[in-house]
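# Overview (structure and organization)
As a plain string of letters, each chain reads:
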Amino acid sequence: MTTALPAQRTVLERFSAGHPRGSWPADEYAAAQRAQGTDARVVMDLTSDQFLVVTVTTAH
């Protein structure tokens, strides 16, 4: 039996969910990060009402 190692998220940038363009600024920022080789994705933080651009790494 193997145990999954916990993933660690690093927040690269935060965008207000109340932005007139919605998640587009966060999506565009994440796409730019991916173009530079960083595995970035957008997640919603309901507590702070923000879109977060994060990278996910696992401990080895």
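Our subject is the structure that appears above.
Here's what I pulled together on the structure shown here. Just so we're clear, the structure is a prediction, and the values are computed from it rather than from any experiment.

Rules behind the numbers
- Residues numbered from 1 in each chain as written.
- Predicted model: local features only at pLDDT ≥ 70, side-chain atom pairs only at ≥ 80, totals over all residues.
- Heavy atoms only, no water.
- Salt bridge = Lys/Arg side-chain N within 4 Å of Asp/Glu carboxyl O.
- Buried < 20%, exposed > 50% of the residue type's maximum accessible area, 1.4 Å probe, protein only.

Pairing is possible between side chains that carry opposite charge, provided their charged atoms lie close to one another. Counted under the stated rule, the structure contains two salt bridges. Salt-bridge contacts for Arg21 lead to Glu28; the nearest nitrogen and oxygen are separated by 2.7 Å. Taking the relative accessible area as the measure of exposure, Arg21 reaches 38% and is therefore partly exposed. The partly exposed category is assigned to Glu28, whose relative accessible area is 45%. Of the charged contacts in the structure, one is a salt bridge between Arg41 and Asp39, with a shortest N-O distance of 3.4 Å. Judged by its relative accessible area of 40%, Arg41 falls in the partly exposed class.

Read these as spatial facts, not as claims about activity.
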